[in-house]
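Architecture at a glance
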Amino acid sequence: MIQSVLFINPPSLPGTTANREGTAGMGVTVSTPRGFYYPPQTLAYGIAVLREAGYLVGGVDAVGQDLSLPATLVLLRDHVPDLFVVHVTPQTWDADVRFLQALRGDFPHIPVLLIGTAAHFIPHARWSPWATALLAGDAEWGLVQAVRALPDQQPAAGLWYAHTSTPPAPVRIPHHPTLPRPAWDALPTDVYPFLSLWGSRGCEHTCAWCPYRLGWGDSRRVRDPQEVAEELVWLAQTFGKPRHIFRDPLFAAQPEWVRTFCRELTRRASPPPPWEVEDRPEHLTPDLLHQMARAGCTQVKLGLEIISPSLLVRWHRVPDARAAQAYIRAAAQAIRTCRKEGILCRAFVLTGIGETEEELAATEAFIQEHKPHYVSVKRFVPYPGLPSPPELSLPEERLRAWEERLQAHTYPPRPSWRHRLRRIWS
Ligand code: SF4
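These numbers come from a predicted model, not from an experiment.

All right, on to the overall build of the protein chain then. In terms of regular secondary structure, the protein chain is built from 14 helices and 16 strands. Relative to the 2.2 N^0.38 estimate, which gives 22 Å for 426 residues, the radius of gyration of the protein chain is 22 Å and therefore close to what a compact globule would have. Seen through its principal axes, the protein chain has C-alpha atoms that stretch 60 × 55 × 35 Å. Here the protein chain holds 426 residues, and the buried ones make up 46% of them.

Written out as structure tokens, the structure is:
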């Protein structure tokens, strides 16, 4: 019988940082120690649901605490549970398997359950020697059933036993789920510069370069905006972080949801706590950005990607050339409005999708003209389930030079008393 459960975010490989929450659970390995990583939200919600179900639950974030593999194992010896739940991802698998091998060596009789929204993209032959089972999909929604099913090897939604090679359908969180507050208190929140939360998961768009639909699903599910506003206020009051980052791939896909959320937030807290979101350009209308700014939104990550109608169509970002023109106009307007409303705008550009020098020059000209505060450039990664990268039309060194050049564009905000006064009095 399982009574106690220990959740683990395994240590990074030496000299790197394992960001297991990154890219919808596909994970990212950052090639520097103590690099950027999202606090382990999967653990915080997972611990909360098992706690609510009556289990004795703890958490170890070896990345956050900067623990080496031996130090992590020493720590575990003082907290041996009935079940280990380990967060793993395709892109951090080298670090994950090193930890799982050591865990199996030190605790051969304790069952191990792997979690992660994209963990089921790790080939069965790789993980099955080191774990009892893998829970595919949204862990917080499948964990209670999975933990109940494990001792007798019973079936449960999304549960993939090591002895079965056929993967199950991932368990997906539904619309308007009821969730307990995330158990950040079980994790080393003092070391996190910000905390994260979510209001929606999944995306119904069809951009062929996108791993988010694979990790979080291709149907969008939302939480109640009142509940999300309440959670944000609680996070701010309990942990006092200066930043709260929404992990939704499309925060503003439903304007009415955003309006309700903003209204609920300003009703609950004055001033409202700061929060940050990401989205594609068409959703970020001036009216919505205005309301978001008044409700405490401080930063928008804008999926600009590339200024090329033909590439936007070819990769199914938009349906046709006309929609591509509307998309580019919407991006320009979103950047302008962010500046006007005092919201930091970080434009994300995608490379490695078969772009030409002319298309990169058009993207640079757009950035120079519209001046987002910051630019982040990401190279296309053929995550499992995505198409192979196209033949690069530019040599690697040319592309890298373009990436550095685009990334170097920064137009930080200038302090403006006029703007601050307008925000206070509007
Ligand atoms: S809109 Fe964003 S999240 Fe949705 S498929 Fe396109 S890139 Fe992915």
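Inspection of the region around the ligand gives Cys-203, His-205, Cys-207, Cys-210, Tyr-212, Arg-213, Pro-249, Leu-250, Arg-280 and Gly-303 as its neighbouring residues. Partitioned by chemical class, the residues of the shell around the ligand number six nonpolar, two polar and two charged.

Taking burial as the measure, the five residues of strand E13 (residues 275-279) include five buried ones, the bulk of the element. Side-chain alternation along E13 places Trp-275, Val-277 and Asp-279 on one buried face and Glu-276 and Glu-278 on a second face that is also buried. Of the strand pairs in this sheet, E13 and strand E14 (residues 297-305) are connected by five bridges, and their pairing is parallel. Along E14, the bridge assignment pairs Glu-276 with Gln-299. Where the polypeptide runs from E13 across helix H9 (residues 286-294) and back to E14, its parallel neighbour, the crossover connection is right-handed.

Of the two faces of strand E6 (residues 112-115), the one holding Val-112 and Leu-114 and the one holding Leu-113 and Ile-115 are both buried throughout. In the sheet, strand E5 (residues 83-87) pairs with E6 via four bridges, with the strands oriented parallel. Directly across from Val-86, in E6, lies its bridge partner Leu-114. Each parallel crossover has a hand, and for E5 linked through helix H3 (residues 93-106) to E6 it is right-handed. Pairing geometry for E6 and strand E7 (residues 133-135), over two bridges, is parallel. Within the sheet, the bridge partner assigned to Leu-113 lies in E7 and is Ala-133.

With that settled, the discussion passes to the environment of Lys-371. By the element assignment, Lys-371 lies in the loop between helix H12 (357-370) and strand E16 (374-379). On the basis of neighbour count, Lys-371 is assigned to the partly exposed category, with 17 C-beta atoms found within 10 Å. Other than its neighbours up to four places away in sequence, Lys-371 contacts Ile-335 and Tyr-411.

All right, on to the domain arrangement of the protein chain then. Per the domain assignment, the segments making up the protein chain are domain 1 (4-161) and domain 2 (193-425). Taken over C-alpha atoms, the centre of domain 1 sits 29 Å from the centre of domain 2. Across the contact, eleven residues belong to domain 1 and eleven residues belong to domain 2. Along the lines of polarity and charge, the residues of the side of domain 1 that touches domain 2 split into seven nonpolar, four polar and no charged.

Definitions and limits used
Residues numbered from 1 in each chain as written. Predicted model: local features only at pLDDT ≥ 70, side-chain atom pairs only at ≥ 80, totals over all residues. Helix = DSSP H or I, 4+ residues; strand = E, 2+ residues; numbered from the N terminus. Rg over C-alpha atoms; globule rule 2.2 N^0.38 Å. Buried ≥ 20, exposed ≤ 12 C-beta atoms within 10 Å, placed from the backbone. Near = placed C-beta within 6 Å. Nonpolar A, V, L, I, M, F, W, Y, C, P; charged D, E, K, R; others polar. Pairing = 2+ DSSP bridges. Right-handed = clockwise from strand over helix to strand, strands pointing away. Contact = placed C-beta atoms within 7 Å. Domains from an automatic or database assignment.

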